[in-house]
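# A structural walkthrough
Here's the letter readout for the chains.
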Amino acid sequence: MTTVDDVAPELVESFETTIGHHDRIEPRDWMPEGYRRTLVRQIAQHAHSEIIGMQPEGNWLTRAPSLRRKAILLAKVQDEAGHGLYLYSACETLGVSRQQLTEMLISGAQKYSSIFNYPTPSWADVGTIGWLVDGAAICNQVPLCRTSYGPYGRAMIRICKEESFHQRQGYELLMTMMRGTDEQREMVQESVDRFWWPALMMFGPPDDDSPNTAQSMEWGIKRHTNDELRQRFVDMSVPQAEALGVTLPDPELRWNEERGAHDFGAIDWDEFWTVVKGGGPCNAQRIAHRKRAWDDGAWVREAATAFARRSAS
Amino acid sequence: MSEVRAEPPQAQWPLYEVFVRGKRGLNHVHVGSLHAADDQMALRHARDVYTRRNEGVSIWVVRSADITASSPDEKDPLFAPSGDKVYRHPTFYDIPADVPHM
Ligand SMILES: [Fe+2]
Ligand SMILES: [Fe+2]
């Protein structure tokens, strides 16, 4: 391992000047080992989230209530696969291979967003995920377009362009149900009740329990703290919930004139850590499904390699 | 070429760099990379991964291993020769403001 002590001072200086100027670090630039490691962890976790994130919604592909909704959902799930691929490519520029990344996901050595460990028993969940889960992802991702690592920032720009469709289709789906029967309105409310708190947890632990944030911000990898982004998300969601006609399940949620922001209730961090550590309702199922897809695809990967080798000779 | 990197140790599909012409009249621009078993598969995957919304009218794919790259360092001596040749820029020449069409 190279530490800052072993490398030429002009390399360190050049890295720090680039970061100081809010310029981008590119793959073959020298970078501190900790910077590289932090990026691999963050980008991999992000890529895995996109890939695992296909499952909760994929659950509804064959049962979408109309051809229109089915086509939309297919396009959205396909986008998430694409997001995963952009991010895996960015991560590979840091010297890890795609295969290693997939293996680390399956073995549990690397994590993905805890939100995807919740089940989607209702069709309304497809709408709620688009509105709240993609909405939270957008809040997280927009500032990452300016992250200090070039390939990561470029992947985020592509992703952000595609996310707004995801959020809008979800919100529109919920609006349609809210114009329907009492039963449909109840389905929407029940779904929002289940997803609101896990969506708030997507921003990660509170700032005073997030030991890596300061260093990540110094390196320009992160641009805002978890709590800043969470607050922004709450403030954006409240008027959207009103327009939709649903109640966000938090009796303490109210506008604070003094702060110019909404106050909200305490998040159940025990639940968050339980899900992160594998104890959520669907953790085992999600990984088992990914592993099955990977194992079942092995013969296709091998056959394509054999075909390419034969065609080349 | 920023995305160029060494082939990883595992036997996996090789890496390709993808270039897309956004519309007629524009250059092909590097958009990202992907893995594929061969050139034809790389093209097909590039279409699915990088042009799902009419982002292109033409795609080039090239094996990353076939790209020769300069060092990305801004102080690279490779770019030094152009540094002191200011006379290559139109602004180097003083022309009176009242001379038309210049
Ligand atoms: Fe996504
Ligand atoms: Fe999305």
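Below or above, wherever it landed, is the structure these notes cover. (Residues numbered from 1 in each chain as written. Chains lettered and ligands numbered in written order. Predicted model: local features only at pLDDT ≥ 70, side-chain atom pairs only at ≥ 80, totals over all residues. Heavy atoms only, no water.)

## Observations regarding unusual backbone geometry
Residue and element names in this part refer to chain B. Even without glycine at this site, Asn54 takes up a positive phi of about 55°. Its location among the elements puts Asn54 in the loop between helix 1 (39-50) and strand 3 (58-63). Note on Asn54: relative accessible area 74%, which makes it exposed. In the Ramachandran plot, His101 falls in the positive-phi region, its phi being about 55° despite a non-glycine side chain. (Helix = DSSP H or I, 4+ residues; strand = E, 2+ residues; numbered from the N terminus. Buried < 20%, exposed > 50% of the residue type's maximum accessible area, 1.4 Å probe, protein only.)

## Quick notes on the layout of surface pockets
In this structure, the largest pocket occupies an estimated 1500 Å³ of space. Forming the boundary of the largest pocket are 45 residues, of which Arg98(A), Trp294(A), Arg301(A), Trp13(B) and His45(B) lie nearest the centre. Counting only elements with at least two residues in the lining of the largest pocket, the list comes to helix 3 (54-58), helix 4 (67-92), helix 5 (98-107), helix 12 (283-296) and helix 13 (298-312) of chain A together with strand 2 (28-35) and helix 1 of chain B. The biggest single contributor to the lining of the largest pocket is helix 13 of chain A, with ten residues. When its residues are assigned to classes, the lining of the largest pocket shows 21 nonpolar, 14 polar and ten charged. Considering only enclosed or pocket space, the second largest pocket measures out at about 1200 Å³ in volume. In terms of lining, the second largest pocket is formed by 48 residues, of which the most central are Gln42(A), Gln45(A), Met202(A), Phe203(A) and Gly204(A). Mapped onto the lining of the second largest pocket, the elements with two or more residues apiece are helix 2 (33-52), helix 4, helix 6 (124-144), helix 7 (150-178), helix 9 (213-218), helix 10 (226-244) and helix 11 (269-279) of chain A. (1 Å grid on protein atoms, 1.4 Å probe; cavity = no way out; pocket = protein on both sides within 12 Å on 5 of 7 lines; lining within 4 Å. Points joined across faces, edges and corners; volume = space filled by probe spheres on them. Nonpolar A, V, L, I, M, F, W, Y, C, P; charged D, E, K, R; others polar.)

## Notes on the coordination of the iron ion (ligand 2)
Residue and element names in this part refer to chain A. Only Glu80 (OE), Asp134 (OD), Glu163 (OE) and His166 (ND1) from the protein reach the iron ion (ligand 2) as donors, at distances of 2.0 to 2.2 Å. Bound by four donor atoms, the iron ion (ligand 2) shows angles of 84 to 171° at the metal and therefore irregular coordination geometry. Motif for the iron ion (ligand 2), donor spacing along one chain: E-x53-D-x28-E-x2-H. A distance of 3.2 Å spans the gap from the iron ion (ligand 2) to the iron ion (ligand 1), which Glu80 bridges by coordinating each metal. Remark: Glu163 occurs in helix 7 and Asp134 occurs in helix 6; sequence separation between them is 29 residues. Among the residues examined, Glu163 registers a relative accessible area of 1% and is labelled buried. (Donors = N, O, S within 2.8 Å, 3.2 Å for Na, K, Ca; no water. Tetrahedral: all angles 85-135°; square planar, octahedral: opposite > 155°, others 65-115°.)

## Observations regarding the interface of chain A and chain B
Interface extent is often summarised as the accessible area lost during association of the parts. Contacts between the two partners involve 29 residues from chain A, matched on the other side by 29 residues from chain B. When the buried area of chain A at its contact with chain B is split by residue, Arg28(A), Gln99(A) and Arg158(A) rank highest and sum to 25% of it. Connecting chain A to chain B are four salt bridges. The salt bridge involving Arg52(B) is made with Glu162(A); its shortest N-O contact spans 2.9 Å. Those elements giving two or more residues to the side of chain A that touches chain B turn out to be helix 4, helix 5, helix 7 and helix 13 of chain A. At seven residues, the largest contribution of residues to the side of chain A that touches chain B is made by helix 4 of chain A. Considered class by class, the residues forming the side of chain A that touches chain B number nine nonpolar, nine polar and eleven charged. (Contact = heavy atoms within 4.5 Å. Buried area = accessible area lost by both parts, 1.4 Å probe. Salt bridge = Lys/Arg side-chain N within 4 Å of Asp/Glu carboxyl O.)

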